[in-house]
Amino acid sequence: MHNTIAERLQTAYRALAEIQPPSGATVQLIAVSKTKPVNDIEQAYLAGQRLFGENYVQELSNKAQALATLAGLQWHFIGPLQSNKTRDVALYADVVHSVDRLKIAERLSAQRPADKAPLQVLLQVNISLEASKSGVLPQDVLPLARQVATLPNIALAGLMAIPAPAIDGDNQQAFGTMQQLSAQLQAEFPQANQLSMGMSDDWQQAVLFGATMIRLGTAIFGSRTATAETGATTNDISA
């Protein structure tokens with residue numbers, strides 16, 4: 001196991017470069033930095049990483065302010081989002097992966113500062129139909145997309161999913177269904193071409209099924225401590 005963040009990033013970049021995504025799609029690597037200190041993000045930034053994912057609103061706010069001088073840094077909010085905590089996400093995030101109902105989208109739209117680019121939003125799909133997971137049901141994706149697409153100050157960018165952990169590490173069925181849903185969404189909204197799925201243990205398979213964003217936490221920053229994990233939820237998409 002490589003010891004430094006820079007070495008882990010280079011390993012991930014090389015592995016990603018060896019996979020041929022469908023249709024030659026560009027795949028973005030999001031380094032999930034939740035519970036990790038600002039210094040770790042700075043190390044990753046110096047190694048060339050620009051996209052970072054956070055699960056908790058306060059942590060996103062604190063880190064975005066602390067690192068505001070780093071050019072080109074992009075924040076992805078990837079955790080569950082309550083309607084009373086949308087303001088800071090609308091202010092500091094560039095992309096939100098976890099929109100699962102119209103009320104959240106409406107609040108993000110209303111609270112997005114006018115001087116910022118439209119907030120990119122992904123609709124979270126409960127692809128494994130788990131009671132403990134957030135997300136819109138597959139059959140409700142297009143109806144919600146049609147509502148979200150009408151809102152100002154945000155832009156419908158695609159879909160996100162957290163498949164249930166596969167016992168054998170094979171999430172082919174869930175990834176395949178997400179690929180189909182993404183194609184259906186793009187047929188009506190061509191610009192909504194992002195598909196966020198795949199984590200440290202299964203991202204290679206996700207890419208083969210059309211993922212355009214992969215979320216790597218442990219693979220980049222190392223394992224998290226038990227103390228840091230106490231705030232984790234069943235909507236954890238940061239492996």
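Residues numbered from 1 in each chain as written. Predicted model: local features only at pLDDT ≥ 70, side-chain atom pairs only at ≥ 80, totals over all residues. Heavy atoms only, no water.

Helices and strands together make up the secondary structure of the chain, namely 9 helices and 8 strands. Over its C-alpha atoms the chain spans a radius of gyration of 17 Å, differing by no more than 12% from the 18 Å that the globule rule assigns to 239 residues. Over its C-alpha atoms, taken along the principal directions, the chain stretches across nearly 45 × 40 × 35 Å. Within the span of the chain, comprising 239 residues, buried residues form 51% of the whole. The long-range fraction of contacts in the chain, counting pairs at least 24 apart against all pairs at least 6 apart in sequence, stands at 60%. (Helix = DSSP H or I, 4+ residues; strand = E, 2+ residues; numbered from the N terminus. Rg over C-alpha atoms; globule rule 2.2 N^0.38 Å. Buried < 20%, exposed > 50% of the residue type's maximum accessible area, 1.4 Å probe, protein only. Contact = heavy atoms within 4.5 Å.)

Turning next to the confidence of the model for the chain. Low-pLDDT stretches of the model should not have their predicted coordinates read in fine detail. Overall, the predicted model of the chain reaches an average pLDDT of 91, with 92% of residues at or above 70. Scored below 50 in pLDDT, residues 226–237 makes 28 contacts in the model with residues more than four places away or belonging to other chains. (pLDDT = per-residue confidence, 0-100.)

The next thing to look at is the environment of phenylalanine 52. With respect to the helices, strands and loops of the structure, phenylalanine 52 is situated in strand β2 (residues 51–54). With relative accessibility at 0%, the residue phenylalanine 52 sits in the buried group. Residues phenylalanine 52 and serine 182 lie 130 residues apart in sequence; the distance between their C-alpha atoms is 23 Å. Among all residues touching phenylalanine 52, those that are not within four sequence positions of it are Ile30, Ala31, Ser33, Ile41, Ala44, Tyr45, Leu73, Gln74, Trp75, His76 and Phe221.

Our next topic: the packing of aromatic side chains. For any two aromatic rings, the description comes down to two numbers: the centre-to-centre distance and the angle of the planes. Under the counting rule described, the total for this entry stands at 1 aromatic pair. With a centroid separation of 6.2 Å and 45 degrees between ring planes, the pair formed by phenylalanine 52 and tryptophan 75 is classed as tilted. Here phenylalanine 52, found in strand β2, pairs with tryptophan 75, found in strand β3 (residues 74–77); they are 23 residues apart in sequence, far enough to count as distant. Residue phenylalanine 52 shares its accessibility class with tryptophan 75, and that shared class is buried. A cation over an aromatic ring shows up here: arginine 50 above the ring of tyrosine 45, its NZ or CZ 3.7 Å from the ring centre. (Phe/Tyr/Trp six-rings, centres within 6.5 Å; stacked < 30°, edge-to-face > 60°. Lys NZ or Arg CZ within 6 Å of the ring centre and 35° of its normal.)

Let's shift gears to the nonpolar core. Soluble globular proteins tend to pack their nonpolar side chains together in the buried interior. One finds Val89, Val96, Leu108, Leu159, Met178 and Ile214 to be the most contacted residues of the largest nonpolar core, which totals 62 residues. Considering every element that reaches this core, the biggest residue donor is helix α7 (residues 172–188), with 5 residues. Aside from chain neighbours lying at most four places away, what touches valine 96 is Phe77, Leu81, Val89, Leu108, Leu119, Gln120, Val121 and Leu122. By size, the runner-up hydrophobic cluster in this structure holds 8 residues, among which are Val95, Leu122, Ala157 and Met213. (Core = buried A, V, L, I, M, F, W, Y, C linked by side-chain atoms within 4.5 Å.)

The buried count for strand β6 (residues 154–161) comes to 7 of 8 residues, which makes it a mostly enclosed element. Where strand β5 (residues 119–125) lies against β6, 7 bridges are found, and the strand directions are parallel. What sits directly across from valine 125, in β6, is alanine 161. Where β6 lies against strand β7 (residues 194–196), 3 bridges are found, and the strand directions are parallel. Within β7, the position partnered with glycine 158 by the bridge is glutamine 194. (Pairing = 2+ DSSP bridges.)

The next subject is helix α3 (residues 57–66). Among all positions of α3, only Val57, Glu59, Leu60, Ser61, Lys63 and Ala64 are buried. Its buried side turned inward, α3 meets α2 (38–46), β2, β3 and α4 (86–92).

Now for unusual backbone geometry. One non-glycine residue with positive phi stands out, namely threonine 35, at about 70 degrees. Checked against the element boundaries, threonine 35 lands in the loop between β1 (28–32) and α2. The class of threonine 35 is partly exposed, set by a relative accessible area of 25%. At asparagine 153, a position not held by glycine, the phi torsion is positive, near 70 degrees. Structurally, asparagine 153 can be placed in the loop between α6 (141–148) and β6.

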